[in-house]
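# Structural description and commentary
Next come the chains, spelled out residue by residue.
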Amino acid sequence: MADISTTLPLSRSSVISAHELIKPHVHRTPVLTNTTLSTLASTPRTADDLKGTRFEGRTPAKPKIRLWFKCENLQRIGAFKVRGAFHALGRLMLEEGWVEGGGKERGVVTHSSGNHAQALALAARESSVKAHIIMPTISMPQKIAATKGYGANVYFSGSTSVEREALANKVISETGARLIPPYDHPDIMLGQGTMGLELQEQVAELQTKDPYSSGTKGLQGIITPCGGGGMLSGVALSAEGTGIKVFGAEPSYQGADDGKRGYESGERVTSVSTLTVADGLRTPVGEWPWKVIYERRLVSGMYSVTEEEITRAMRLVLERMKVVVEPSACVGLAVALFDEDFRAMVEREGGEEGWDLGIVFSGGNVGVDAIGRLFSES
């Protein structure tokens, strides 16, 4: 990765600069709406719906929510991660002496369960840079195959972040490669934040000609999945000073909601061990994202959802939108549909007019066989 001293300030203007650097390499993914899902989000749940959940006994919230989906599942490599990878590698190649000193041959290294692995492998290939990728042995076969297909050298490790990082350090010592982490670096965060810029622009454009918007202007909120926090913090930076509130969504299974727990306690959780179905969100929030998410308070709240709620949201997307998404991409929608704390907040702050809420579909890298297994078990 580029030296921290050379990175741009963590600000909205830096996200704009990052967008200029990566635009030739990424898709401006579409923003979709769906009347059925917005209606579901705006329909109060019944007492029976809440029975047996953590919200049992609550008076159901009555929010009015218009959903706008940023489809990063249609991005190159099927996920938002290319944005951070192309930006981080682009910044590294601008570092004085790195290319001239043989940096391309020594290459870059990262550790990832799949999406960042593919993203860095692609970015490296297009820049003629060697890529060394550490992947957990439990990574989806499709993600492993795609990473190898982009020409990367793949090494296998255990499933925890500690195991992955240890192997990455070994590869660095043997090859001299430079680390491009999956989320814990300003260049990654700024690159991921470019999707937030696009989402804001696209919704404003659509609202001028779409009766779906009901005459509203812009977004009132954006909710993104949160694993390591690179995307959430980047999107929060993209919304800095705009009045748009940004929220993080996580799985609750086996402590995967480290971001939420840390946000509420005031202390970052540094270790997570979970096998949540949302495999892209199994990592703890990084130090740099935490500075933006919590210390600067650019994220307005963190929410978590159950495995059942994630799969229910995923089923709705597959069946009602006809869009292929992976489980990790569905946590934000699950919050909007099922988390009564979030829904009550929108009801309270949105009033009669309600909210236009941006939801990031972070990726779509899931095989048909995995989808079949997922829903045969649910």
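Analysis parameters
- Each chain carries its own residue numbering, running from 1 in the written order of its sequence.
- Where local features are concerned, this predicted model is filtered to residues with pLDDT of at least 70; where side-chain atom pairs are given and counted, the filter is 80 or more; whole-chain, interface and lining totals use all residues.
- Neither water nor hydrogens contribute to the side-chain values; these are computed over all heavy atoms in the structure.
- Numbering of helices and strands starts at the N terminus; helices are DSSP runs of H or I of at least 4 residues and strands are runs of E of at least 2.
- Only protein chains enter the accessibility calculation, which uses a 1.4 Å probe. A residue is then buried if its area is under 20% of the maximum for its type, exposed if over 50%, and partly exposed in between.
- In this description, contact between two residues means that some pair of their heavy atoms is separated by no more than 4.5 Å.
- To get an axis, a line is fitted to the C-alpha atoms, and for a helix only the part in contact is used. The angle between two axes follows their N-to-C directions and goes from 0 to 180 degrees.
- Comment on the angle field: the value is read as roughly parallel under 35 degrees, roughly antiparallel over 145, roughly perpendicular from 65 to 115, and oblique elsewhere.
- Under this grouping Gly is polar, as are all residues other than the nonpolar Ala, Val, Leu, Ile, Met, Phe, Trp, Tyr, Cys and Pro and the charged Asp, Glu, Lys and Arg.
- Delimitation of the domains relies on an automatic or database domain assignment.
- Two parts placed together each lose some accessible area under a 1.4 Å probe, and adding up what both lose gives the buried area.
- Any carboxyl oxygen of Asp or Glu within 4 Å of a side-chain nitrogen of Lys or Arg constitutes a salt bridge here.
- Pairs of N or O atoms within 3.5 Å make up the polar contacts considered here, provided that, within protein, one atom can donate a hydrogen while the other can accept it, and that residues adjacent in sequence are counted only when both atoms are side-chain atoms.
- A strand pair is defined by DSSP finding two or more bridges across the two strands.

It is worth spelling out the environment of Ile-65 at this point. Structurally, Ile-65 can be placed in strand 2 (residues 65-71). The buried category is assigned to Ile-65, whose relative accessible area is 2%. Here the alpha-carbon distance between Ile-65 and His-27, two residues 38 residues apart in the chain, equals 27 Å. Setting aside its immediate chain neighbours within four residues, Ile-65 contacts Ser-38, Ala-41, Ser-42, Ala-336, Val-346, Trp-355 and Leu-357.

All right, on to the packing of helix 13 (residues 307-321) against helix 14 (residues 331-338) then. Put simply, helix 13 and helix 14 touch, their axes get as near as 8 Å, and they point 100° apart. Regarding the angle of helix 13 to helix 14, the classification is roughly perpendicular. Every residue of helix 14 that contacts helix 13 at Glu-309, Ile-310, Arg-312, Ala-313, Leu-316 and Val-317 is listed here: Val-331, Leu-333, Ala-334, Leu-337 and Phe-338. Per-class residue counts for the contact of helix 13 with helix 14 are nine nonpolar, no polar and two charged.

The bulk of non-glycine residues show a negative phi, and the bulk of peptide bonds are trans. Notably, Ser-128 is not glycine yet its phi reads approximately 60°, a positive angle. As for its placement among the helices and strands, Ser-128 is situated in the loop between helix 6 (115-126) and strand 4 (131-136). Even without a glycine there, the phi angle at Gln-254 is positive, about 50°. As for its placement among the helices and strands, Gln-254 is situated in the loop between strand 8 (245-251) and helix 11 (258-265).

This next bit is on the environment of Gly-57. Structurally, the position occupied by Gly-57 is in the loop between helix 3 (47-50) and strand 2. Along the primary structure Gly-57 and Ala-47 are separated by ten residues, whereas in three dimensions their C-alpha atoms are 7.3 Å apart.

Let us look at the domain arrangement of the protein chain. Per the domain assignment, the segments of the protein chain are domain 1 (12-78 + 185-377) and domain 2 (80-179). With centres defined by C-alpha atoms, the gap from domain 1 to domain 2 works out at 26 Å. Contact between domain 1 and domain 2 buries roughly 2500 Å² in total, counting both sides, with carbon and sulfur atoms accounting for 59%. Inspection of the region where domain 1 meets domain 2 yields five salt bridges. Two residues, Arg-76 and Glu-126, come together in a salt bridge whose shortest N-O distance is 2.4 Å. Taken together, the links from domain 1 to domain 2 amount to twelve residue pairs in polar contact (both at pLDDT 80 or more). Only helix 1 (12-22) and helix 9 (186-207) provide two or more residues apiece to the side of domain 1 that touches domain 2. A per-element tally of the side of domain 1 that touches domain 2 places helix 9 first, with eight residues. Partitioning the side of domain 1 that touches domain 2 into residue classes produces twelve nonpolar, twelve polar and nine charged.

Our focus in this paragraph is the sheet that holds strand 10 (residues 355-361). If you trace the six strands from one edge of the open sheet to the other, you get 1-2-10-7-8-9, paired in mixed fashion. Looking along the sheet, the strands with just one partner apiece sit at the ends: strand 1 (31-32) and strand 9 (301-305). Looking at chain direction, strand 7 (residues 221-225) and strand 10 are connected through three bridges and run parallel. Across the sheet, Ile-222 pairs through a bridge with Gly-358, a residue of strand 10.

All chains considered together, the criterion is met by 25 salt bridges. Measuring nitrogen to oxygen at the nearest pair gives 2.8 Å for the salt bridge that ties Lys-70 to Glu-198. Within this pair, whereas Lys-70 is found in strand 2, its partner Glu-198 is found in helix 9, the two being separated by 128 residues in sequence. A single burial state applies to Lys-70 and to Glu-198, both of which are buried. Where Glu-349 meets Lys-245, a salt bridge forms, and the shortest distance between an N and an O atom there is 2.7 Å. In this pair, Glu-349 is assigned in helix 15 (residues 340-350) and Lys-245 in strand 8, connecting sequence segments 104 residues apart. On the basis of relative accessible area, Lys-245 is assigned to the partly exposed category, the value being 29%.

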